[in-house]
Amino acid sequence: MNKRTVLIGAVLCLIASMSWGAMFPVAHEALKHIDPFYFSFIRYFIVGIILSVILLVKEGRSAFRLEGRGLALTFYGSMAFVVYNMCVFLGQQKMGTAGTIVASIMEVLMPVITIVLLWLFARRKPNATTLRNIAIAFVGAIFVITRGDFGFFSMKGGQLFPLLLIFIGVTGWVVYSLGGSRFQAWSILRYSTLTCLLGNGVALLVVASGTAAGWLSIPTLETLSSIKYEMTFMSLLPGLVALLSWNKGLKMLSSTHGILFINFVPITTFVILAFQGYSINAFEIGGTLLIIAALAHNTLIQGGAANRWVPRTIRTYARYSRLQLVKAMRMLTSKV
């Protein structure tokens with residue numbers, strides 16, 4: 001990888017992660033009026049139409065051919081647009097206000113899940129540095145969200161099932177992200193469009209079955225009107241822009257490295273909540289620094305062509321960042 005590839009890939013992954021961080025507070029408001037199943041289906045129905053138009057204009061009708069890979073595309077599309085969206089938003093809704101933060105922090109588990117899946121199914125054992133940096137970023141996110149109160153993770157009040165739903169959803173998105181590597185010959189736009197269309201086809205079956213069984217009800221025009229701004233935001237930024245940015249960013253950086261940027265999801269959520277009246281404490285500041293330092297360190301120590309353009313002063317910082325991170329963690333834990 002050269003300088004341009006690294007920079008563009010990092011920026012794209014960052015855009016997607018920050019968009020998803022803003023997604024949860026917005027979804028919290030929308031889920032007060034609509035169930036998570038129809039919410040997810042309608043959202044990506046809109047995204048699917050936009051993607052289809054763009055794909056048709058840019059690559060023509062031939063880009064919609066499945067080329068005998070329809071089953072794989074449907075599977076990966078279902079992981080992203082059914083399992084991830086419906087499980088995460090259902091879990092968030094069931095947890096109430098706390099679900100906004102919990103759904104966001106669970107996103108941080110994506111790098112860990114990715115490493116485990118690659119280890120189990122692709123025999124790609126991670127090196128110690130990658131594991132250490134993922135762990136540090138995860139600890140930092142915990143400090144940010146819990147503000148040092150680790151009773152936050154108590155399972156009291158029936159929170160275990162919603163938390164499990166969110167975890168299953170997050171795992172679904174990891175599978176989808178890894179699936180993109182099987183379609184390297186395709187454009188990001190084509191992979192995103194076809195998985196969105198096929199995945200949302202499965203979502204249609206879910207909402208149709210739920211409605212027929214009496215578990216779900218079709219949202220009224222009044223309901224849809226009440227969430228028009230939230231739906232517009234969710235469809236265009238976390239939906240369309242983030243989807244394309246994420247898939248392209250992962251292709252440029254690799255799934256293992258690009259997915260580390262998912263740590264910015266809870267940070268973005270926290271910043272939005274801070275603007276709503278949160279007071280920042282030492283755990284939140286220290287946790288944010290841990291995440292940023294861990295991501296920077298992991299990128300800089302990878303070696304190869306991607307690092308030749310890094311200034312000597314930054315490389316020197318990377319060499320000693322491990323010591324700095326240890327000091328930061330000692331400072332934070334001493335306050336517990």
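Residues numbered from 1 in each chain as written. Predicted model: local features only at pLDDT ≥ 70, side-chain atom pairs only at ≥ 80, totals over all residues. Heavy atoms only, no water.

- As recorded in an unreviewed UniProt entry, the chain goes by Transporter and comes from Paenibacillus montaniterrae.
- Recorded in UniProt for the chain, the comment headed Sequence similarities (unreviewed entry) runs: "Belongs to the EamA transporter family." (UniProt positions renumbered as here; feature names shortened; annotations may be inferred.)

## Notes on the overall build of the chain
No. 1: The secondary structure content of the chain amounts to 14 helices and 0 strands.
No. 2: Of the regular secondary structure in the chain, the N- to C-terminal order runs α-α-α-α-α-α-α-α-α-α-α-α-α-α.
No. 3: When each of the 336 residues of the chain is scored for burial, the buried share is 51%.
No. 4: Here the analysis covers contacts within the chain between residues at least 6 apart in sequence; of these, 86% occur between residues at least 24 apart.
No. 5: Total accessible area on the chain stands at roughly 15,700 Å², and carbon and sulfur atoms take up 67% of it. (Helix = DSSP H or I, 4+ residues; strand = E, 2+ residues; numbered from the N terminus. Buried < 20%, exposed > 50% of the residue type's maximum accessible area, 1.4 Å probe, protein only. Contact = heavy atoms within 4.5 Å. Areas by Shrake-Rupley, 256 points an atom, 1.4 Å probe, with all protein chains shown as cover.)

## Section: unusual backbone geometry
Of all residues except glycine, most have a negative phi; of all peptide bonds, most are trans.
No. 1: At glutamate 67, a residue that is not glycine, the phi angle is positive and equals roughly 55 degrees.
No. 2: Topologically, glutamate 67 is positioned in the loop between helix H2 (36-59) and helix H3 (70-95).
No. 3: The exposure class assigned to glutamate 67 is exposed, which follows from its relative accessible area of 52%.

## Comments concerning the packing of H2 against H3
No. 1: It is the contact of H2 with H3, at a shortest axis distance of 9 Å, that shows an interaxial angle of 140 degrees. By the angle class used here, H2 and H3 are oblique. Crossing of H2 over H3 shows right-handed handedness. Here Pro36, Phe37, Phe39, Ser40, Arg43 and Tyr44 of H2 lie close against H3, whose contacting residues are Phe81, Asn85, Met86, Phe89, Leu90 and Gln93.
No. 2: Class assignment for the residues of the contact of H2 with H3 results in 8 nonpolar, 3 polar and 1 charged. (Axes fitted to C-alpha atoms, helices over the stretch in contact; angles between N-to-C directions. Parallel < 35°, antiparallel > 145°, perpendicular 65-115°, else oblique. Left-handed = near helix turned anticlockwise from the far one by under 90°. Nonpolar A, V, L, I, M, F, W, Y, C, P; charged D, E, K, R; others polar.)

## Some thoughts on the pattern of salt bridges
No. 1: Taken as a whole and judged by the stated rule, the model has 2 salt bridges.
No. 2: Across the pair glutamate 29 and lysine 32 runs a salt bridge, and its minimum N-O distance is 3.3 Å. (Salt bridge = Lys/Arg side-chain N within 4 Å of Asp/Glu carboxyl O.)

## Focus on the nonpolar core
No. 1: Formed by 77 residues in total, the largest nonpolar core has its most connected members in Trp20, Phe39, Ile166, Trp173, Tyr176 and Trp246.
No. 2: Considering each element in turn, this core owes the most residues, 14 residues, to H3.
No. 3: If we skip the residues at most four places from it in the chain, isoleucine 166 touches Cys87, Val88, Gly91, Gln92, Met95, Val102, Ala103 and Met106.
No. 4: Ala137, Phe143, Phe283 and Leu290 belong to the second-largest nonpolar core, a separate cluster that totals 6 residues. (Core = buried A, V, L, I, M, F, W, Y, C linked by side-chain atoms within 4.5 Å.)

## Quick notes on the packing of aromatic side chains
No. 1: Counting across every chain of the model gives 13 aromatic pairs.
No. 2: Ring centres of phenylalanine 41 and phenylalanine 45 lie 6.0 Å apart, and the angle between their planes is 40 degrees; on these two criteria the pair is classed as tilted. With phenylalanine 41 and phenylalanine 45 both in helix H2 and 4 residues apart, this pair spans about one turn of that helix.
No. 3: Measuring from centroid to centroid gives 5.4 Å for tyrosine 176 and tyrosine 191, while their planes differ by 15 degrees, and the two rings are stacked. Placement of tyrosine 176 in helix H7 (residues 160-179) and of tyrosine 191 in helix H8 (residues 188-212) is noted, with a sequence separation of 15 residues between them. Of the two residues, tyrosine 176 and tyrosine 191, both sit in the buried class.
No. 4: Grouped by ring-pair contacts, the aromatic residues Trp20, Tyr44, Phe81, Tyr84, Trp173, Tyr176, Phe183, Trp186, Tyr191 and Trp246 constitute a single cluster.
No. 5: Directly above the ring of phenylalanine 183 sits arginine 69, whose terminal nitrogen or CZ lies 3.9 Å from the centroid.
No. 6: Across from the ring centre of tryptophan 186, 3.8 Å away, lies the NZ or CZ of arginine 190, which sits over that ring. (Phe/Tyr/Trp six-rings, centres within 6.5 Å; stacked < 30°, edge-to-face > 60°. Lys NZ or Arg CZ within 6 Å of the ring centre and 35° of its normal.)

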